[in-house]
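The primary structure of each chain is shown beneath.
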Amino acid sequence: MSAHRRKISVRWFAAGGAAAFAGILGIAMLLTNTGSACAAPPSTTLKTGKATFYDLAGTSGNCSFEVPADDLYVALGPDQYAEGTACGAYLDVTGPKGKVRVKVFDKCPECAAGHLDLSRTAYKKIGAEIDGIIPIKYKLVTNPSTPAPISVRIKEGASQYWFAARIDNHANLLSSVKVSSGGGSFKSAYRTDFNYWIIDAGAGSGPYKLKITDVYGNSATVSGIKMSPGSVQKTSTRITGGSGTVTEKTTATTTAPAAKATTSAPATKAKASASASAVATTTAPPAPATEATTTGPVTDQPLVDLAAAEQSAKSSC
């Protein structure tokens, strides 16, 4: 996927950021030179770091998600982005003015571990915009609430011969996605840096059943997913939870945003520190009823140990 460029926010620079700009560059270089060689997503252990902000120019970041309705998101450096492993997780970030919860949405190529590049909206909730860079504490949230149930987006160019799907609103870090077509056996998909799950040989013509499992072993199975490239197919299934199994009937529907975006064309971000790959949402006709199985109730436990999760992450020490 091609990288997005970012530039300094004009408003931030005019407001007094010029004096701090050289300092930011120096800190960015220091962080880059001292970054960890081991790629792994953030953990639930409270960490200290730095935060900057940027404005997204385009419709999506490297994780290929739509911009959250609350505009609260974060770009992580390559180590913590971990080739897409961190996509869709949530971080609690505390700064001088308070705390904000953000969705992992993007990659910041020049950010070392501990350097979080927040959306401008998120940054302003915890720091003064004129500062440009602020000290923070942050941690991964376990079993966070999501704004909607699981959705599946089939990528443009996908077919029965090449399967590609993006999973959203899964809450925790994902460990695996398996796909079956027409009642056949499940095939394992692999995750790309731009957060699509791929089966190069295809998964058949559908409709598809997807078994989605997170790093804690919580699992949900959604069925009735169509080969409808460019469409977001929504369900009423949530994956987070503790013990027990709940089976429920869900209905998969599709949304119809106004425009499509290519997956390889670069886009531009405004401000100093990340890149992204442009992928947008599109539309499709309604999908059939689906049957989903989830594991446990939705909870919000930010202090749960992530040792097992980190061991199962794609990129680990």
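Everything numeric in this text was worked out from a predicted model, so none of it was measured.

What counts, and where the lines are drawn
- Residues numbered from 1 in each chain as written.
- Predicted model: local features only at pLDDT ≥ 70, side-chain atom pairs only at ≥ 80, totals over all residues.
- Heavy atoms only, no water.
- Helix = DSSP H or I, 4+ residues; strand = E, 2+ residues; numbered from the N terminus.
- Buried < 20%, exposed > 50% of the residue type's maximum accessible area, 1.4 Å probe, protein only.
- Contact = heavy atoms within 4.5 Å.
- Areas by Shrake-Rupley, 256 points an atom, 1.4 Å probe, with all protein chains shown as cover.
- Pairing = 2+ DSSP bridges.
- Disulfide = S-S within 2.5 Å.
- Phe/Tyr/Trp six-rings, centres within 6.5 Å; stacked < 30°, edge-to-face > 60°.
- Lys NZ or Arg CZ within 6 Å of the ring centre and 35° of its normal.
- Salt bridge = Lys/Arg side-chain N within 4 Å of Asp/Glu carboxyl O.
- Polar contact = N/O pair within 3.5 Å; in protein donor to acceptor, adjacent residues only side chain to side chain.

A. Quick peek at the overall build of the protein. The secondary structure content of the protein amounts to four helices and 20 strands. Looking at the protein as a whole, 54% of its 317 residues are labelled buried. Counting contacts in the protein only where the partners sit at least 6 residues apart, residues at least 24 apart contribute 77% of the total. Only carbon and sulfur atoms are counted for the fraction: they give 57% of the accessible area of the protein, which is about 12,600 Å².

B. Spotlight on the environment of V232. In this structure, V232 sits in strand β16 (residues 232-234). For the pair V232 and R166, spaced 66 residues apart in sequence, the C-alpha to C-alpha distance is 9.0 Å.

C. Just the pairing of strand β7 (residues 134-140), in detail. Burial analysis of β7 places five of its seven residues in the buried class, the great majority of the element. Note: strand β2 (residues 47-54) against β7, five bridges, orientation antiparallel. Bridged to A51 within β7 is I134. Sheet analysis places strand β4 (residues 90-95) next to β7, joined by four bridges and oriented antiparallel. Note that in β7 the partner of D92 across the bridge is K139.

D. Main features of the state of the cysteines. Evaluation of the coordinates by the stated rule reveals two disulfides. C63 shares a disulfide with C87; S-S distance 2.0 Å. With the S-S bond torsion at -80°, the cross-link from C63 to C87 turns out left-handed. Placement of the pair is C63 in the loop between β2 and β3 (73-76) and C87 in the loop between α2 (78-81) and β4, with a sequence separation of 24 residues.

E. Structural detail: the packing of aromatic side chains. Within the structure shown, the criterion is met by five aromatic pairs. Pairing Y73 with F105 gives two aromatic rings, centres 4.6 Å apart and planes at 40°, and the pair type is tilted. Pair noted here: Y73 is in strand β3 and F105 is in strand β5 (residues 98-107), with a separation of 32 residues, a long-range link. Accessibility expressed as a relative area gives 0% for F105, which makes it buried. Seen from their ring centres, F163 and Y208 are 5.1 Å apart, and the 65° between their planes marks the pair as edge-to-face. Residue F163 is located in strand β9 (residues 163-168), and its partner Y208 is located in strand β14 (residues 208-214); the two are separated by 45 residues in the primary sequence. Y208 sits in the buried class, given a relative accessible area of 1%. Ring-pair connections join several aromatic residues into one group, and the members of that group are Y54, Y73 and F105. Over the face of the ring belonging to F65 we find K103, whose NZ or CZ atom lies 4.1 Å from the ring centre.

F. The arrangement of the pattern of salt bridges in detail. Summed over all chains, the structure comprises eight salt bridges. Of the charged contacts in the structure, one is a salt bridge between R120 and E129, with a shortest N-O distance of 2.2 Å. Using a relative accessible area of 10% as the deciding quantity, one classes R120 as buried. The exposure class of E129 is buried, given its relative accessible area of 16%.

G. The environment of N195, seen in detail. With respect to the secondary-structure elements, N195 resides in the loop between β12 (190-191) and β13 (197-199). Along the backbone, N195 and E83 are 112 residues apart, and their C-alpha atoms lie at a distance of 8.3 Å. Apart from residues no more than four positions distant in its own chain, N195 is found in contact with N62, C63, F65, G84, C87, A165, R166 and I167. Within the structure, N195 has its side chain in polar contact with the backbone oxygen of C63 (distance 3.0 Å).

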